[in-house]
Amino acid sequence: MSIIKPSHIAHSIYEIDGEALQLAGIKGIIIDWTNTIAAKKDGTISESINRWLHELQSQYGIKVIVVSNGKPPKEEHGHSHEIPALFEAGKPKKKAFVAAMNILGTRIHETAVIGNGIITDVWGGNRLGMYTIFVSSSMVKPRFIGTLKRLFVKVVRV
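As the structure is a computational prediction, the values presented were derived from the model and not from experiment. (Residues numbered from 1 in each chain as written. Predicted model: local features only at pLDDT ≥ 70, side-chain atom pairs only at ≥ 80, totals over all residues. Heavy atoms only, no water.)

## Some thoughts on the overall build of the chain
Part 1 of the argument: On a plain count of helices and strands, the chain comes out with 5 helices and 6 strands.
Part 2 of the argument: Its helices and strands in sequence order give the chain the pattern β-α-β-α-β-β-α-β-α-β-α, from N to C terminus.
Part 3 of the argument: When contacts within the chain are restricted to residue pairs at least 6 apart in sequence, long-range pairs at least 24 apart make up 64% of them.
Part 4 of the argument: By element, 56% of the accessible surface of the chain is carried by carbon and sulfur atoms, the whole surface being about 8,800 Å². (Helix = DSSP H or I, 4+ residues; strand = E, 2+ residues; numbered from the N terminus. Contact = heavy atoms within 4.5 Å. Areas by Shrake-Rupley, 256 points an atom, 1.4 Å probe, with all protein chains shown as cover.)

## Here's the deal with the pairing of strand β3 (residues 63-67)
Part 1 of the argument: Of all 5 residues that make up β3, 4 are buried, and the element is covered over most of its length.
Part 2 of the argument: Here strand β2 (residues 28-31) runs beside β3; their pairing, made up of 4 bridges, is parallel. Bridge pairing links I29 to V64 in β3.
Part 3 of the argument: Assessed by its sense of winding, the connection that carries the chain from β2 through helix α2 (residues 47-60) to β3 is right-handed.
Part 4 of the argument: Pairing geometry for β3 and strand β4 (residues 85-86), over 2 bridges, is parallel. In the sheet register, V67 faces β4, and the bridge partner there is L86. (Buried < 20%, exposed > 50% of the residue type's maximum accessible area, 1.4 Å probe, protein only. Pairing = 2+ DSSP bridges. Right-handed = clockwise from strand over helix to strand, strands pointing away.)

## Quick word on the sheet that holds strand β6 (residues 131-135)
Part 1 of the argument: If you trace the 6 strands from one edge of the open sheet to the other, you get β1-β6-β5-β2-β3-β4, paired in parallel fashion. The sheet is open, and its two borders are formed by β1 (8-10) and β4, each paired with just one other strand.
Part 2 of the argument: Across the sheet, helix α4 (residues 118-128) touches β5 (111-115) and β6, and the angle it forms with β6 is around 165°. (Axes fitted to C-alpha atoms, helices over the stretch in contact; angles between N-to-C directions.)

## Some remarks on the pattern of salt bridges
Part 1 of the argument: Under the counting rule described, the total for this entry stands at 5 salt bridges.
Part 2 of the argument: A salt bridge links E88 to K71; its shortest N-O distance comes to 3.7 Å. Pair noted here: E88 is in the loop between β4 and α3 (94-104) and K71 is in the loop between β3 and β4, with a separation of 17 residues, a long-range link. (Salt bridge = Lys/Arg side-chain N within 4 Å of Asp/Glu carboxyl O.)

## Observations concerning α4
Part 1 of the argument: For α4, the set of buried residues is I119, D121, V122, G124, G125, N126 and L128.
Part 2 of the argument: Of the residues one or two after α4, G129 is the one with positive phi, at around 90°.

Right, here's the structure in full:
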């Protein structure tokens, strides 16, 4: 398996099936904030995303933690304090993922990483052996993905 190849690709956060994760033994999810569950433009999280996150926890018993390299959002932007969060986390460093698992009380094989970053989320999670889900969200502009790929190629060449 390639270190940058996700375990699963979803075109929307809503394609991620809580029941399938539960059946796969996933007990905790580390999820990215910006452009995964919150729009980068204004940092808001929609009511439908809040419902999806709540369903993961209440219906499937999957714990969730937000882990982001960004700054904490303003209160009015919808971050639920019912969901723990680590902002300015330093992904893809292993310590960000380990800290999140400690808060969740999960082990590597019980934890999934969901995000839109090939390097920060997928590579970071894969290095530890976690189940990774890349969200190719409509929130992300296609040219941003191209820029990210070029940056990754430069990093690999060094």
